[in-house]
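Secondary and tertiary structure notes
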Amino acid sequence: MMALSRTFDRPMTLSLPRIGVMAAMPEELQALLEAMPNQQPVQRAGRVFWLGQWHGHEVVAVLSRIGKVAAATTTTILLTEFGVGEVWFTGVAGGLGERVRVGDVVVASALVQHDMDASPLFPRFELPGSGVSHLPVCPDRVARVADVVRWALSPKQLALGGALTDVHLAELGLPAVPEVHTGLILSGDQFIGSAQASGALRDALPEAMAVEMEGAAVAQVCHDFDVPCTVLRTISDRADDDAHLDFPRFIESVASRYALAMVSALLAARQG
Ligand code: ADE
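Below, the structure is looked at part by part. Note that the structure is predicted; figures quoted are calculated from it, not measured.

With five of its five residues buried, strand β1 (residues 19-23) lies for the most part within the structure. By the alternation rule, side chains of β1 split into Ile-19, Val-21 and Ala-23 and Gly-20 and Met-22, which are all buried. Summarising the sheet, β1 and strand β4 (residues 57-63) pair through five bridges and their orientation is parallel. Each residue of the ladder has a partner; that of Ile-19, found in β4, is Val-59.

Structure (structure tokens):
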């Protein structure tokens, strides 16, 4: 028992808090784990948390699991059992913003649970009891993260890191240089896959850039624990009727490589 609790203590020798890195897809987690030396698996609540060090930082990497409740549980365990003081989430999302293309990346500046509706008791989207619907991310953090991600996903850096050397983005109908947007991300327990559903979200929240299934839940838990949260999403589809992309191929050949490039660059850029 003693040894276990020692493992989970916040590291005393490093000035920065341990980071929890959550990946939405197994392929993304696998790409991260291959780059993280000497990880140690620890099981909790049917999940495997991978403890290791990467670029001199203490990291706990884990599959988020899909949907808001599952991701909130995973986040709570990261914060309460592993003592992480910062959470990063990487995954894919459907694009909602007009200029947000498949292959681009969105860094969340705020997150909303689009399926939260306790009206007429509370305004639509408001988290009951909290008085807020939009969970904000500190603007300085968003700007810093977006700068590092733009650099990490520049053609030169991707080529240097060996990412995408065997992938022809044009063949997948993707932009050669992904645009990195910052803005509102929506989360809900539905895959949005019709023009009608995405249109309804755009009508209700016109500033929304992307839609996914976990980010706002992770942000809510982090907000309650007063821990910073970063959500990065690679756009895999336009949340409409058009399945113009081979999803598994996109995850394997693009999203997981972007996740690795982004997380690695953010860790390397992290300072005390
Ligand atoms: N993740 C990736 N694409 C998505 C979509 N269209 N809706 C919800 N989650 C997603």
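Turning our attention to the environment of Pro-123. Its location among the elements puts Pro-123 in the loop between β6 (105-113) and β7 (135-136). Residues Pro-123 and Arg-141, spaced 18 residues apart in sequence, show a C-alpha to C-alpha distance of 29 Å.

To continue, consider the side chain of Ser-187. Structurally, the position occupied by Ser-187 is in strand β8 (residues 180-187). Note on Ser-187: relative accessible area 0%, which makes it buried. A polar atom in the side chain of Ser-187 sits 2.8 Å from the side chain of Glu-212. Among the polar contacts listed, one links the side chain of Ser-187 to the backbone nitrogen of Gly-215, at a separation of 3.3 Å. Apart from the residues lying within four places of it in its own chain, the contact partners of Ser-187 are Lys-68, Val-112, Gln-113, His-114, Asp-115, Glu-212, Met-213, Glu-214, Gly-215 and Ala-216.

A few words now on the site of the ligand. Lining the immediate surroundings of the ligand are Val-92, Ala-93, Gly-94, Gln-190, Phe-191, Ile-192, Val-211, Glu-212, Met-213, Ser-236, Asp-237 and Ala-239. Within the backbone of Gly-94, an N or O atom sits 3.3 Å from a nitrogen atom of the ligand. Separating a nitrogen atom of the ligand from a backbone N or O atom of Ile-192 is a distance of 2.7 Å. The fraction of the free accessible surface of the ligand (260 Å²) that becomes covered by protein chains is 95%. Among the secondary structure elements, those contributing two or more residues to the shell around the ligand are β5 (86-95), β9 (208-212) and β10 (229-237). Of the residues forming the shell around the ligand, the biggest block, three residues, is contributed by β5. Partitioning the shell around the ligand into residue classes produces seven nonpolar, three polar and two charged.

Each value, and the rule that gives it
- Residues numbered from 1 in each chain as written.
- Predicted model: local features only at pLDDT ≥ 70, side-chain atom pairs only at ≥ 80, totals over all residues.
- Heavy atoms only, no water.
- Buried < 20%, exposed > 50% of the residue type's maximum accessible area, 1.4 Å probe, protein only.
- Helix = DSSP H or I, 4+ residues; strand = E, 2+ residues; numbered from the N terminus.
- Pairing = 2+ DSSP bridges.
- Polar contact = N/O pair within 3.5 Å; in protein donor to acceptor, adjacent residues only side chain to side chain.
- Contact = heavy atoms within 4.5 Å.
- Near = heavy atom within 4 Å.
- Areas by Shrake-Rupley, 256 points an atom, 1.4 Å probe, with all protein chains shown as cover.
- Nonpolar A, V, L, I, M, F, W, Y, C, P; charged D, E, K, R; others polar.

Honestly, that's just the spatial picture; any functional story needs more than this.
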